[in-house]
Amino acid sequence: MRAAASATPGASPPFVESLPDNVQVPGGRAVSDEPLSDEPRHPIQVVVRRTGVSQDLLRAWEKRYAAVVPGRTPGSHRLYSDADIHRLGLIREALDGGRRIGQVAGLANDELAALVDDDRREAFATARPPLPRAAAAASPPEDLRVRHVAACLAAIRELDAPRLEAALDEARLALSLPHLLEGVIGPLLEEIGEAWRRGELRPYHEHMASAALRSFLGGMRGTFLAASNAPLLLVALPAGQHHELSALMAALAGAAEGWRVTYLGPDLPADDIAAAVRQAGARALALGIVFPPDDPELPAQLERLRRGVGPELPLLVFGGSAPAYVAAVDAVGAETVTGVGPLRNALGRLRRPLPSLPIR
Ligand code: B12
């Protein structure tokens, strides 16, 4: 069995990479000709890394849908087989293709593989390139997405935090991470903002929602385990910037991409962010600029930050107000990432070593 070359969580394209060497994958075939061992030998951390599915989601899939039934160690720790990992990869890819966990969790492997092959062939047939991560992330099934957003909004209107948490967990169970963040959380936050502006929601609704989302997103990050030698991503918001939820989404996307992530939070002066980058030896910095769009101090902060971290450090800027500072962002050689997909692509790119050029 050939180990997946870049087996960082979430980074590996559909599990093609882990198919045996003798399986040709022009359009990508999900069926494995080689019988996969049923011997339980992989702890949950390995499964998380190889499939990109978080620990919590794995447990939930087992508990609610018996998607796989792992073995147990004498200490009752879960142990998964190669066949389990293969199956979980199929399920994850089926979800990325827009299917629901309830629809696919009960299918046999060959049925699952046939579904996934169909999705690939369909993508191929319509001359659309096989779905890269970003594209897959952008389009959860509309009705499903809308239903999850509506369930969250209804709980917020009722100021019912436990119901909001349950609705968020439901969405998390049903959708892959990219779908959850870009299909539900992002649009939910925009809808909250619009309802607040229309006077339908009061600041206390926004505060309750923000608090629930902060712990939900923070909690999810803990389920991704980066390799100890994985590169470090720092995530922060400069002084005067207090809207941190997309920054928490950025931190989660970085963790799902296999980076070690340190989250510094909102409203931090440039000198402090730069000192943190130097002390921690960060390989990249993601900076949130959400509101206000007209802070006269911010361009100077970006300059100080660039001076503090040196000319080489990749600086990824995101946030609804980032476009308002485009000149200052360009001047410090920062890259604007407009969503979860573009951020993951940028992090994937930064991780891949530059190809060595032939010596002429
Ligand atoms: C939650 C929230 C709050 C919370 C913040 C809590 C917290 N800890 O973060 C609280 C209640 C504190 C708050 C306060 C205020 N808020 Co407020 N807030 C919001 C809300 C609803 C969500 C913000 C958020 O995190 N959005 C996350 C994403 C969706 O936003 P974004 O990062 O800008 O997303 C863009 C990109 O980053 C990208 N993207 C989306 N998701 C992701 C994910 C990743 C990983 C990446 C890389 C990119 C990305 O796409 C988006 C579009 O470009 C927004 C509504 C909205 N539309 O965003 C209003 C909003 C930002 N707030 C607004 C305002 C006016 C205020 C207040 C001034 C209100 C007041 N009078 O008190 C204060 C200011 C506080 C301050 N000092 O800054 C306005 C700003 C208007 C403007 N001109 O831009 C908004 C837009 C509401 C509205 N519709 O008018 N707010």
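Heads up: these notes are all about the structure in this document. Owing to the predicted nature of the structure, the values given are computational and were not obtained by experimental measurement.

## What about the overall build of the protein?
Check the secondary structure of the protein and you find 15 helices and 7 strands. Counting the 360 residues in the protein, one finds 48% classified as buried. Counted over contacts in the protein with a minimum sequence separation of 6, partners at least 24 positions apart contribute 73%. Of the roughly 17,100 Å² of accessible surface on the protein, 56% is carried by carbon and sulfur atoms.

## Brief notes about the site of the ligand
Arg197, His243, Glu244, Ser246 and Gly320 are the nearest of the 27 residues found near the ligand. Between the ligand and the protein, one listed contact pairs a nitrogen atom with a side-chain N or O atom of Arg214 at 3.4 Å. Glu244 places a polar main-chain atom, nitrogen or oxygen, 2.7 Å from an oxygen atom of the ligand. By residue number, the principal contributor to the shell around the ligand is helix 9 (residues 177-197), which donates 8 residues. Classifying every residue of the shell around the ligand by side-chain character gives 10 nonpolar, 11 polar and 6 charged. Of the domains in this structure, domain 2 (142-221) and domain 3 (232-349) are the two that each give at least three residues to the shell around the ligand.

## Description of the nonpolar core
If you look at the biggest cluster of nonpolar residues, it comprises 54 residues, and the most contacted ones within it are Ile156, Leu164, Leu181, Ile185, Leu188, Leu233 and Val235. Ranked by the residues each element gives to this core, the list is headed by helix 11 (residues 245-256), at 10 residues. Formed jointly, this core draws a minimum of three residues from each of two domains, domain 2 (142-221) and domain 3 (232-349). Residue contacts for Val235: discarding those within four places in its chain leaves Ala247, Ala250, Ala251, Val261, Thr262, Tyr263, Leu264, Gly265 and Ala286.

## A few points about the pattern of salt bridges
Tallying each qualifying case throughout the model produces 10 salt bridges. Between Arg214 and Glu244 there is a salt bridge, with the nearest N and O atoms lying 3.4 Å from each other. A residue pair is termed long-range when its members are at least 10 positions apart, and Arg214 in helix 10 (residues 203-221) and Glu244 in the loop between strand 3 (232-238) and helix 11 qualify at 30 residues. Given a relative accessible area of 12%, Glu244 falls into the buried group. Among the charged side chains, a network of salt bridges with common partners joins Arg157, Arg198 and Glu200.

## Notes on the environment of Gly218
Here Gly218 is to be found in helix 10. Sequence-wise, Gly218 and Ala251 are 33 residues apart; in three dimensions their C-alpha atoms are separated by 8.5 Å.

## Overview of the coordination of the cobalt atom of the ligand
A lone protein donor binds the cobalt atom of the ligand: His243 (NE2), at 2.3 Å. As for its placement among the helices and strands, His243 is situated in the loop between strand 3 and helix 11.

## Some details on the sheet that holds strand 6 (residues 315-318)
Backbone-to-backbone hydrogen bonds join strands into a sheet, with any given pair of strands oriented parallel or antiparallel. Strand order in the open sheet made by the 5 strands is 4-3-5-6-7, with parallel pairing throughout. Every interior strand has two partners, whereas the edge strands, strand 4 (260-268) and strand 7 (335-336), have only one. Bridging between strand 5 (residues 284-288) and strand 6 involves 4 bridges; their strand directions are parallel. Across the sheet, the residue bridging to Leu285 is Leu315, located in strand 6.

About the thresholds
Residues numbered from 1 in each chain as written. Predicted model: local features only at pLDDT ≥ 70, side-chain atom pairs only at ≥ 80, totals over all residues. Heavy atoms only, no water. Helix = DSSP H or I, 4+ residues; strand = E, 2+ residues; numbered from the N terminus. Buried < 20%, exposed > 50% of the residue type's maximum accessible area, 1.4 Å probe, protein only. Contact = heavy atoms within 4.5 Å. Areas by Shrake-Rupley, 256 points an atom, 1.4 Å probe, with all protein chains shown as cover. Near = heavy atom within 4 Å. Polar contact = N/O pair within 3.5 Å; in protein donor to acceptor, adjacent residues only side chain to side chain. Nonpolar A, V, L, I, M, F, W, Y, C, P; charged D, E, K, R; others polar. Domains from an automatic or database assignment. Core = buried A, V, L, I, M, F, W, Y, C linked by side-chain atoms within 4.5 Å. Salt bridge = Lys/Arg side-chain N within 4 Å of Asp/Glu carboxyl O. Donors = N, O, S within 2.8 Å, 3.2 Å for Na, K, Ca; no water. Pairing = 2+ DSSP bridges.

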